[in-house]
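Coordinate inspection notes
Each chain, written out:
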Amino acid sequence: MTDPTPPRRRAGRLVARALLIAGLLALADPAAVAHAAPRAVPGPSPTTPIDHFVFLMQENHTFDNYFGTRPGVDGIPAGTCMPVRRGQAEPCVRPFHLGELGSLDLDHSAEAFRVQYHDGRMDGFVEGVSTQGKNGKLAMAYYDDRDLPYYWNIADEYVLFDRFFSSANSGSIRNHMYRVTGSPGATGPAESIPPGGWGDIPTIFDRLEAAGISWKFYVENYDPTITYRSRTSEEDVDRGAQVIWVPLLAYARYVDDPRLFGKIVDLDQYYEDAAKGQLPAVSFIAPAGDSEHPPGSVRAGQTLVRTLLTQLMRSPNWNSSAFLWSYDDWGGWYDHVPPPQVDRYGYGFRVPALLVSPYARRGYVDSTTLDFTSALKFIEVNWRLKPLAERDGKASTFLDAFDFDRPPRPAVFLGTERKPAVVTRPDPVPVYASYAITGSLVVALVGVAARRRRQWT
Amino acid sequence: MSVTRSPVEEVEHDRRVATVVLHAVGSSSEATPDSRNTGRERGWRRWAVPAALVGIAALALFLRVWQLDALGFNSDEAVYAGQAASLAGNPNYTPFFPVFRAHPMLFQTLLSPFFRTGEVDVAGRVVVATLGVATVLAVHLLGARLYGRRVGLVAALFVAVMPYHVIVTRQVLLDGPMVLFATLTLYCLVRFVQGQQVLWYVATGAMLGVTMLTKETSVVMAGGVYAFLALTPMVRRPVRLSVLAVAAMLAVFLTHPVSQALAGRSQTGKSYLVWQLFRRPNHSMGFYAETVPAAMGLLVVAAAVGGLWWLRRHRSWRETLLLSWIAAPVVFFQLWPVKGFQYLLPAAAPVAVLAARALTGMPVPERIRRLLRRADRPRDAGATRAVRAALVAVVALSLLVPSWNAVNRADNATFLAGSGGVPGGREAGRWLAANTPKGSVVLTLGPSMANIIQYYGHRRSYGLSVSPNPLRRNPAYEPLPNPDRWLRNNELQYVVWDSFSAGRSAFFAERLMVLTRRYHGRVVHTEYVDGTDRTGARVPVPVIIIYEVRP
């Protein structure tokens, strides 16, 4: 049997029915319809339960430098002894605990990488530092849970990546550019910010803006007067580093547009936003004095990370958030894993990276090969954005570090005690037994006294 | 002016003989005119006393459990309940409350089966309330043994409704159970004096040992026993038997150190004793005079004192015993630098007995009796009984009203240790448990609030006012030597201000607020009680404020 109704009339009837149903619903619950009315154009909803992604970049350490002695990870191989001179097995320097010894700002330029990498032989770590006139042995120093108890506790509870590479085989400028653009920025032999800024290189924030997704760049001790136009080279190691660590400050369009410039804010704003549950979808954080950049204090850096996580964990946004932090380059320290060379600029050596989220797998070591553009990839996948460059387009991401099948974990503040004080509960049996025996004896004594009538004379 | 003879006068006491020769209470009552009543009346009386006792016990229980849960634990309650829970292995409390702290563990051991899981507070208080009712019954036994059933009943009624006893036995404190055992000790001593049985003498020592196992400060009651025996030479107490009684006391008390040693601890008690010996006074010398008589009931105290006067001709070893029992804690704790509202509670029972004795035996002026006497029954003693019953009722009512007010005062804004719960404390702790991540560390103004937060919030808490000097702090408390550094290092994530502690220490209150401001304190929760403003209008008064802090 065929339907005699023409298709156009049938479609018209369907539309009419739909309108009728919508009208009835509106009559039944006008408030719901009012709520459903668009108030503002929302950004696309994320593809995962992560509504708030926070990415902090600390400074200058390798994976082996921080976690090389940690069991269960790809750490420092047994018997490691780094030649003082490349190609000569002896003399050599064994990895040692830095402890109370002071650290130095070891050379971490492209040339230092070349010497230390030594075409994949990985035997130039001491020489790469000593050729710069510094004590090359220091490159073989490491920290462990005595120095980094909080980070190690975090690794116990959340996710530690042991194949997370810095994106560039050179210093901070390229690595930070990879972090926000998926490309090195400085493409010539020199690694410097062009006098006119980064020009039209697209950033992840351009993508977010275009998609209507909220973002902010939080900067510790932020000084908005320091941009690529005002900084001087002498300031590279001081406050001028702000322009390197916040590449947006080297973009004319971000500096000159008050709306965009207003999204680069002091770190204090992060605490307020988190407390109110108003974190944007994507937050990038740049440190200042707490960056752990040698010879800075690693403990100060731990305190910064701990404070940021504390605020996130007590934020209403916690249940839909992920916090990733890593280190912008290797800082001259030893790491034993040869970095894959995917192109002319990288990868660089492995860097520590950890992920904290209510969905993060507990005590999980993720060995996926990742780099800073993996964070861009995560943002692009989560909010359905187009890749920025070839690197982030091809990058792996860290979705395996999450377990979205389980409900979000409640937050737990981790301490800086690596081995929390063990609560020893005394054996209760002697306590119960002794009081029970004594009580019984006294009751028996009174009972006997009450029953005996004979007077004492 | 003629007086009516009281039952006291009917008890013989020959002060001239070397040993006390007494008729048993039962036999003395047989000699009263009551014994000449008809069989029907005797039957009625046989049921009247138990019925009255049940009624008194029911009233006592009602006052002790009415709105028992209105306020959460105070600091001491939190500590004792926490110890009991830790002993029971309750995982919510073992990290925060060590099993052994300052006192012996008899009461905590009794409590612990109720604290095995979850958050328990009402059950602990019900246990104490039950022991409080048992004390009321023990007072009846004591009064009846000393002066007859009528005095026993009236004394039990007074204790049942006495605000002092009601308030303390609504809390998980050691003092309520301790007073039960102290009263039983007194009862054993009376039995010894009356019966001259060695076993009662030994039982007195053993029961005093149990009292000390509840709270070791009750050793001062041994001073009461000694004073009584010293003042009453006619009571025979050969040295060898006294040594036996003391040995029984020590043997019972040894349970505490022995159980502690067997369980693996030995130092806690010693440290606490050293601290108690050298700590600074916490109240003025007038503290007890200002608080305790009113809590016992001014009419009760007046009756007890008055009775000693108007029944002075009938003074016997009984009054010496009761006065010795009262004097021991009063003198000791008056001189002791550390004072606590509930410390004089052992005196409540003898005061009640003395007051009952006074009111049931008080002289009634002839003029009043004549007014009440029926014309056709000129020799009827009912008028005297009516006057005395009215006085007993007035005194009982004078106790009942403040007790009723006390148990209904859910928004109590005072903070006298031992006098009740802390408004908002439980709620603040529960808020922290529900709204802060596990592992949060809290800075409170003083250790009292820290205990409450740890009990209800399950969050490690430190009192700012706890001195780093070991001679100046309770050894059970952990000081925070440099709170500023802890805050700077994000080791502390919350600060709790409370009006009770702030009222006691303006210095530390100001210091806490300086730290709170310095570390970006943000109010995240406030607990209020009802108060009144200048116009008398009811307004919410903040009593506890929780701040979120960060470096």
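Residues numbered from 1 in each chain as written. Chains lettered and ligands numbered in written order. Predicted model: local features only at pLDDT ≥ 70, side-chain atom pairs only at ≥ 80, totals over all residues. Heavy atoms only, no water.

Counting its regular elements, chain A contains 16 helices and 12 strands. Counting only residues that meet the buried cut, chain A has 53% of its 457 residues in that class. (Helix = DSSP H or I, 4+ residues; strand = E, 2+ residues; numbered from the N terminus. Buried < 20%, exposed > 50% of the residue type's maximum accessible area, 1.4 Å probe, protein only.)

A separate point is the overall build of chain B. Looking only at helices and strands, one finds 24 helices and five strands in chain B. The buried share of chain B, reckoned over its 551 residues, is 56%. At a minimum sequence separation of 6, the contacts of chain B that also span at least 24 residues come to 76%. Counting only carbon and sulfur atoms, one obtains 62% of the accessible surface of chain B, whose full area is about 23100 Å². (Contact = heavy atoms within 4.5 Å. Areas by Shrake-Rupley, 256 points an atom, 1.4 Å probe, with all protein chains shown as cover.)

Residue and element names in this part refer to chain A. The buried fraction of strand 7 (residues 215-219) is high, at four of five residues. Judged from the five bridges that link them, strand 7 and strand 9 (residues 282-286) form a sheet pairing that is parallel. What sits directly across from tyrosine 218, in strand 9, is isoleucine 285. (Pairing = 2+ DSSP bridges.)

Residue and element names in this part refer to chain A. With 88% of its residues at a pLDDT of 70 or more, chain A has an overall mean of 88. Per-residue pLDDT, averaged within each element of chain A, yields its smallest value for helix 2 (residues 30-36) (40) and its largest for strand 11 (residues 353-356) (98). Scored below 50 in pLDDT, residues 1-8 makes three contacts in the model with residues more than four places away or belonging to other chains. Note on residues 22-40: pLDDT under 50 across the span, and one contact to partners over four residues away in sequence or across chains. (pLDDT = per-residue confidence, 0-100.)

All names here are of chain A. This structure, assessed with the given rule, holds one disulfide over all chains. Each sulfur in the disulfide pair cysteine 81 and cysteine 92 lies 1.8 Å from the other. Here the disulfide of cysteine 81 and cysteine 92 is right-handed, its torsion about the S-S bond being about 90 degrees. With cysteine 81 in the loop between helix 3 (63-67) and strand 2 (82-83) and cysteine 92 in strand 3 (residues 92-93), this pair connects stretches of sequence that are 11 residues apart. Classification of cysteine 81 as partly exposed rests on a relative accessible area of 22%. (Disulfide = S-S within 2.5 Å.)

This brings us to the packing of aromatic side chains. Within the structure shown, the criterion is met by 56 aromatic pairs over all chains. When the centroid spacing of 5.8 Å and the interplanar angle of 15 degrees are considered together, the rings of phenylalanine 165 of chain A and tyrosine 347 of chain A count as stacked. Taken as a pair, phenylalanine 165 of chain A in the loop between strand 6 (159-161) and helix 7 (172-181) and tyrosine 347 of chain A in the loop between strand 10 (321-327) and strand 11 lie far apart in primary sequence, 182 residues in all. Owing to a relative accessible area of 0%, phenylalanine 165 of chain A belongs among the buried residues under this scheme. Note on phenylalanine 62 of chain B and tryptophan 404 of chain B: the rings are 5.9 Å apart at their centroids and 15 degrees apart in plane angle, and the pair reads as stacked. Residue phenylalanine 62 of chain B is located in helix 2 (residues 39-65), and its partner tryptophan 404 of chain B is located in helix 19 (residues 382-408); the two are separated by 342 residues in the primary sequence. With a relative accessible area of 34%, tryptophan 404 of chain B lands in the partly exposed category. Here arginine 314 of chain A stacks its cationic end above the ring of tyrosine 494 of chain B, 5.3 Å away from the centre of that ring. A cation sits over an aromatic face here: arginine 312 of chain B above tryptophan 309 of chain B, 3.8 Å from the ring centre. (Phe/Tyr/Trp six-rings, centres within 6.5 Å; stacked < 30°, edge-to-face > 60°. Lys NZ or Arg CZ within 6 Å of the ring centre and 35° of its normal.)

Here we take up the pattern of salt bridges. This structure, assessed with the given rule, holds 34 salt bridges over all chains. Residue arginine 114 of chain A pairs with glutamate 111 of chain A through a salt bridge whose shortest N-O separation is 2.6 Å. Remark: glutamate 111 of chain A and arginine 114 of chain A occur in helix 4 (residues 110-117); sequence separation between them is three residues, near one turn of the helix. Between lysine 215 of chain B and aspartate 175 of chain B there is a salt bridge, with the nearest N and O atoms lying 2.9 Å from each other. Taken as a pair, lysine 215 of chain B in the loop between helix 9 (198-214) and helix 10 (220-231) and aspartate 175 of chain B in helix 8 (residues 175-195) lie far apart in primary sequence, 40 residues in all. Judged by its relative accessible area of 4%, lysine 215 of chain B is buried. Accessibility expressed as a relative area gives 2% for aspartate 175 of chain B, which makes it buried. Through salt bridges with shared partners, a single ionic network connects Arg70, Asp145, Asp156 and Arg418 of chain A. (Salt bridge = Lys/Arg side-chain N within 4 Å of Asp/Glu carboxyl O.)

Facing 55 residues of chain B, the contacting portion of chain A comprises 38 residues. Roughly 3800 Å² of surface becomes buried between chain B and chain A when both sides are summed, with 63% attributable to carbon and sulfur atoms. Counting every contact that joins chain B to chain A gives three salt bridges. The residue arginine 306 of chain A makes a salt bridge to glutamate 491 of chain B at a minimum N-O spacing of 3.2 Å. For the interface between chain B and chain A, the tally reads 14 residue pairs in polar contact (both at pLDDT 80 or more). (Buried area = accessible area lost by both parts, 1.4 Å probe. Polar contact = N/O pair within 3.5 Å; in protein donor to acceptor, adjacent residues only side chain to side chain.)

Where a protein is soluble and globular, its nonpolar side chains tend to be buried together. One finds Phe217, Tyr270, Phe323, Trp325 and Phe398 of chain A to be the most contacted residues of the largest nonpolar core, which totals 266 residues. Judged by nonpolar contacts, the second largest core, of 19 residues, contains Leu464, Leu487, Leu512 and Val549 of chain B. (Core = buried A, V, L, I, M, F, W, Y, C linked by side-chain atoms within 4.5 Å.)

Residues and elements named next belong to chain A. An order of 8-7-9-1-10-11-6-12 is seen for the eight strands of this open sheet, with the pairing classed as mixed. Looking at which strands have only one partner, the edges of the open sheet turn out to be strand 8 (264-266) and strand 12 (364-366). Each strand of the sheet is rotated relative to its neighbour by a mean of 20 degrees, with strand direction disregarded. One ladder, built from three bridges, connects strand 6 with strand 11; its direction is antiparallel. From the neighbouring strand, phenylalanine 161 faces strand 11, where its bridge partner is alanine 353. Contacts between helix 7 and the sheet are confined to strand 1 (52-58), strand 7 and strand 9, with strand 1 contributing the most and set at about 175 degrees to the helix. Seen against the sheet, helix 12 (residues 267-276) touches strand 1, strand 7, strand 8, strand 9 and strand 10 and runs at an angle of roughly 130 degrees to strand 7. (Axes fitted to C-alpha atoms, helices over the stretch in contact; angles between N-to-C directions.)

All names here are of chain B. The strand order across the open sheet formed by five strands is 2-1-3-5-4, and the pairing between neighbours is mixed. If you trace the sheet from one side to the other, it starts and ends with strand 2 (460-463) and strand 4 (522-532), each paired once. Between one strand and the next, the sheet's axes are offset by a mean angle of 25 degrees, whatever the strand orientation. Bridging between strand 4 and strand 5 (residues 538-548) involves 10 bridges; their strand directions are antiparallel. Looking at strand 5, one finds that threonine 532 is bridged to arginine 538. Each of strand 1 (441-444), strand 3 (494-498), strand 4 and strand 5 touches helix 20 (residues 425-435); the most contacted strand, strand 5, lies at about 40 degrees to it. Seen against the sheet, helix 21 (residues 447-457) touches strand 1, strand 2, strand 3 and strand 5 and runs at an angle of roughly 175 degrees to strand 2.

What follows covers the side chain of glutamate 59 of chain A. Residues and elements named next belong to chain A. Considering the arrangement of structural elements, one finds glutamate 59 in the loop between strand 1 and helix 3. The charged side chain of glutamate 59 is buried without a salt bridge, its nearest counter-charge being arginine 179 at 7.3 Å. A distance of 3.2 Å separates polar atoms of two side chains, one belonging to glutamate 59 and the other to histidine 176. In contact with glutamate 59, not counting residues within four places along its chain, are Ser172, His176, Trp245, Ser291, Glu292, His293, Pro294, Tyr327 and Asp328. (Lys, Arg positive; Asp, Glu negative; His and termini not counted.)

Below, the discussion takes up the packing of helix 3 (residues 75-87) of chain B against helix 21 of chain B. Residue and element names in this part refer to chain B. Contact pair helix 3 / helix 21: the axes reach a minimum separation of 8 Å and the direction vectors enclose 45 degrees. As summarised for this structure, helix 3 and helix 21 are arranged oblique, according to the angle between their axes. Handedness of the helix 3/helix 21 crossing: left-handed. Contacts between helix 3 and helix 21 involve Ser75, Ala78, Val79, Ala81 and Gly82 on the former and, on the latter, Pro447, Ser448, Asn451, Ile452 and Tyr455. (Parallel < 35°, antiparallel > 145°, perpendicular 65-115°, else oblique. Left-handed = near helix turned anticlockwise from the far one by under 90°.)

Residues and elements named next belong to chain B. Within the secondary structure, serine 467 sits in the loop between strand 2 and helix 22 (483-488). Here serine 467 falls in the buried class, since its relative accessible area comes to 18%. In this structure the side chain of serine 467 is engaged in a polar contact, spanning 2.9 Å, whose partner is the backbone nitrogen of asparagine 469. Once residues within four sequence positions are removed from consideration, serine 467 is found in contact with Arg472, Arg473 and Pro479.

Another point: the packing of helix 16 (residues 317-335) of chain B against helix 17 (residues 348-360) of chain B. All names here are of chain B. The N-to-C vectors of helix 16 and helix 17 enclose an angle of 145 degrees; their axes lie 9 Å apart at closest approach. Judged by the twist between their axes, the crossing of helix 16 over helix 17 is left-handed. Counted together, Glu319, Leu322, Leu323, Trp325 and Ile326 of helix 16 and Pro350, Val351, Val353, Leu354 and Arg357 of helix 17 form the full contact between these two elements. Classifying every residue of the contact of helix 16 with helix 17 gives eight nonpolar, no polar and two charged. (Nonpolar A, V, L, I, M, F, W, Y, C, P; charged D, E, K, R; others polar.)

To continue, consider unusual backbone geometry. Residue proline 91 of chain A is bonded to the preceding glutamate 90 of chain A through a cis peptide linkage, with omega at -15 degrees. With respect to the helices and strands, proline 91 of chain A occurs in the loop between strand 2 and strand 3. With an omega of 10 degrees, the peptide bond between glycine 346 of chain A and tyrosine 347 of chain A qualifies as cis. Non-glycine residue arginine 384 of chain A carries a positive phi angle of around 55 degrees. In this fold, arginine 384 of chain A is placed in the loop between helix 14 (372-382) and helix 15 (390-394). A positive phi is found at histidine 458 of chain B, a non-glycine position, where the angle reads about 55 degrees. Residue position: histidine 458 of chain B is located in the loop between helix 21 and strand 2.

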